[in-house]
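One-letter residues, chain by chain:
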Amino acid sequence: MSGISGIDFGLLKFCLEHTDAPNLQDTVLPDRDPKDYEWLRKALGDLEDDATRMKKLIKIAHGEISPTEGLDAKSDKGTPEEKGENTAQLDTETRRYALEELQYYVEDIDNALNFAKLGGIRVLTECMSPSEHHDIRYWAAWVLGTLVQNNPPTQVQCLKEGALKVTIEALCGEHADVKEKAIFLLSGLLRDSDVAVAAFVDHGGVGVLRPFVDAEAGKKIAAKTIFLLTQLLRTPHREKVQNILVSEHFLAPISKYTESDNTDLREKAFELLLEALRGSSPAKEWAKGAGLPASIRSRGDHLAGLDKDTQADYEHERHLIRELRKII
């Protein structure tokens, strides 16, 4: 056994002793050339734990190192001039691949927490800068949005690192795919955070969402936006949000979705209207002027005329209509 190290031999011996196959338990290990095991030792030695891998990916996404550069101490030392070509801005595709892989890692809550400790959130907020390529902004928003899902510590850290500001900037941009991921991120940043909601409402964030409820925005992003607005109406900032929805003309396009053939979108529109009108005189006045009571009554009568089995499919919508008819 002179060709096998003590550790290698011990590992092989343990595996053989704990196998259920009798013929393997009796196997005598042959003398082998150490080179026969070199590939295995190299493969095991090259394995990276998740934290190490994420650290490298963060640097690639930030344009600090090339994909092939190791994480030895020398990569963290010296001025940009001393680091030479490793500090050059990497091409967009390479950085995008790094962000895409980070998206996979941060779906695990422990990795998400470690990612924050590694300084990844600051890098992602920088990747969402308006000066970045839209592919980079898209993936950075996606990774940040995943980080804050049901994860209060990373949500707080993202807010501290200025994620809300860059998210609003992304919503004002030109690229629809970036805007969609920004809505996803915004929902996570605002969830159960009174501080974040206050900052968003007080700094004109609600108005930024106005284009996303128009038909031109598409049903998918409209549904996400309406859902987000409904959640804002259920916070202590309800009255401010109600007034903004009236003054910035949100309610007219949203009310049109009550006639949509998309059940989810239609129900979301009814839910928002219920929250927007409840306790708001300006919203009720708008509703009466827009003829909303008549259209809601018509929709309710139509559903009431369906057979009982079909009515069961619309029970939630019927409930919303009944509640709306009580307040307007």
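Residues numbered from 1 in each chain as written. Predicted model: local features only at pLDDT ≥ 70, side-chain atom pairs only at ≥ 80, totals over all residues. Heavy atoms only, no water.

Undergrad: Would you take a moment to explain the side chain of Ser193 for this structure?
TA: Relative to the assigned elements, Ser193 resides in the loop between helix H12 (176-190) and helix H13 (194-202). With a relative accessible area of 14%, Ser193 lands in the buried category. If near-sequence neighbours (up to four positions away) are discounted, Ser193 is found in contact with Gln155 and Leu159. (Helix = DSSP H or I, 4+ residues; strand = E, 2+ residues; numbered from the N terminus. Buried < 20%, exposed > 50% of the residue type's maximum accessible area, 1.4 Å probe, protein only. Contact = heavy atoms within 4.5 Å.)

Undergrad: How should I be thinking about unusual backbone geometry in this particular structure?
TA: In terms of backbone geometry, most residues other than glycine have negative phi values and most peptide bonds are trans. With phi around 50 degrees, Asn150 is a residue other than glycine that occupies positive phi space. Among the secondary structure elements, Asn150 is positioned in the loop between helix H9 (134-147) and helix H10 (152-160). Of note in this structure, His249 is not a glycine but carries a positive phi near 60 degrees. Accessibility expressed as a relative area gives 55% for His249, which makes it exposed.

Undergrad: Whenever I open this one, the packing of aromatic side chains confuses me. Can you help?
TA: Two aromatic rings are characterised by how far apart their centres lie and by the angle between their planes. In total, this model carries four aromatic pairs according to the counting rule given. Between Tyr138 and Trp139, the ring centres sit 5.6 Å apart and the planes meet at 85 degrees, which makes this aromatic pair edge-to-face. Exposure class is identical for Tyr138 and Trp139. Each is buried. Measuring from ring centre to ring centre gives 5.9 Å for Tyr138 and Trp142, while their planes differ by 80 degrees; the resulting arrangement is edge-to-face. With Tyr138 and Trp142 both in helix H9 and four residues apart, this pair spans about one turn of that helix. By relative accessible area, which is 19% here, Tyr138 ends up buried. In textbook terms, an aromatic cluster arises when at least three aromatic residues are bridged by ring pairs, as seen for Tyr138, Trp139 and Trp142. (Phe/Tyr/Trp six-rings, centres within 6.5 Å; stacked < 30°, edge-to-face > 60°.)

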